[in-house]
Amino acid sequence: MSAAETSRPLGRKCLAPLIALVIPAACAGATDTTTTPPDSSELALVAQPASFMPVIPGQMALVVVSPEGVTEPVTMSATLTGAGSVEPVTTQIDAGKVAEFLVTPAEEAVGTTLRLHVTAVSSGVRAETSWTMDVVEWEDTIQPLATELRDRFVAYLEEYHPDLGITAETSWTPSITKPQILVVMHYLFFSEEWEMGIMWHVTVPENAWSRMYLRPRTGILPTLGFEIPSYLDPESTPVPWEPPPELDR
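Not measured: the values here are computed from a predicted model. (Residues numbered from 1 in each chain as written. Predicted model: local features only at pLDDT ≥ 70, side-chain atom pairs only at ≥ 80, totals over all residues. Heavy atoms only, no water.)

Visitor: Looking at this structure, I do not really get the pattern of salt bridges. What am I missing?
Guide: Side-chain pairing between opposite charges can occur once the charged atoms of the two side chains come close. Across all of its chains, the model carries eight salt bridges by this definition. Of the charged contacts in the structure, one is a salt bridge between D151 and R150, with a shortest N-O distance of 2.9 Å. Note that R211 and E227 form a salt bridge whose closest N and O atoms lie 2.6 Å from each other. With R211 in strand β12 (residues 210–216) and E227 in strand β13 (residues 224–228), this residue pair connects regions lying 16 residues apart in the sequence. The partly exposed category is assigned to R211, whose relative accessible area is 22%. Taking relative accessible area as the criterion, E227 reaches 16% and is therefore assigned buried. Here the salt bridges do not stand alone but share partners, grouping E100, E195, R215, R217 and R249 into one network. (Salt bridge = Lys/Arg side-chain N within 4 Å of Asp/Glu carboxyl O. Helix = DSSP H or I, 4+ residues; strand = E, 2+ residues; numbered from the N terminus. Buried < 20%, exposed > 50% of the residue type's maximum accessible area, 1.4 Å probe, protein only.)

Rendered as structure tokens:
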């Protein structure tokens, strides 16, 4: 893969390789994100998400990073402190392209905090950013419903937005996100080309909406959004919805 191509994590099927400057996290338990542009360069990192809610063992905690302000290729490296893995450990991309780093917490990480640190170097100058992730014990019981909702959105996209290339044959890798949230559930699906974030409101039929965003894997932020007004009604079909300004983590 050339430096101009999107960098994608290794070792996970379909999990390959935002826009606000990286800022310190405001949410509890999630990030300590900072950017350090050197005085002699405009090198800076744009990253998503700004922070993480608690994560569970085996969850795909994916971050997306793009170097800006330089013209030479950028070498990026990731280190994880705590029980878990990060892929890739190092990659090289061009400025303006994106790299994805996948953190997978281990079972023994429950009750601890993981720290992911990403460093970028170009022509001798350096920038860096980091996130923290509190690991909790939680059982994922919502994948079946998340998959049903995904398939309803996919059927709509296949018929009305064939230009996206999303069909019933598209292969997806699933992962829960925000596992301790109980009123609005959250789930992620990754294909080779797309990140699909799905959420749904657990309530009475008239308020049981489900929302979905799409992020191209070569970009930082969601670009499209749709909503099923009442997913409990099998006749309820998706309508356009303004996608969120950040990734769901």
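Visitor: Sorry if this is basic, but what is going on with the sheet that holds strand β2 (residues 61–68) here?
Guide: By definition, the strands of a sheet pair up through backbone hydrogen bonds, in either a parallel or an antiparallel sense. Ordered in space as β1-β2-β6-β4, the four strands form an open sheet in which the pairing is antiparallel. Both edges of this open sheet fall to β1 (44–48) and β4 (84–87), since each of them pairs with a single strand only. Neighbour to neighbour, the strand axes of the sheet diverge by 20° on average, direction disregarded. Here four bridges tie β4 to strand β6 (residues 99–105), and the two strands are oriented antiparallel to one another. By the bridge assignment, S85 is partnered in β6 with T104. (Pairing = 2+ DSSP bridges. Axes fitted to C-alpha atoms, helices over the stretch in contact; angles between N-to-C directions.)

Visitor: Quick question: what am I supposed to make of the sheet that holds β12 here?
Guide: With respect to topology, six strands assemble into an open sheet ordered β9-β10-β11-β12-β13-β14, the strand pairing being antiparallel. With one partner strand each, in any of the chains shown, β9 (173–176) and β14 (239–240) form the two edges of the open sheet. Bridge count between β9 and strand β10 (residues 184–190): four bridges; the pairing is antiparallel. Pairing of S175 across the sheet is with L188, part of β10.

Keep in mind these numbers describe shape, not what the thing actually does.
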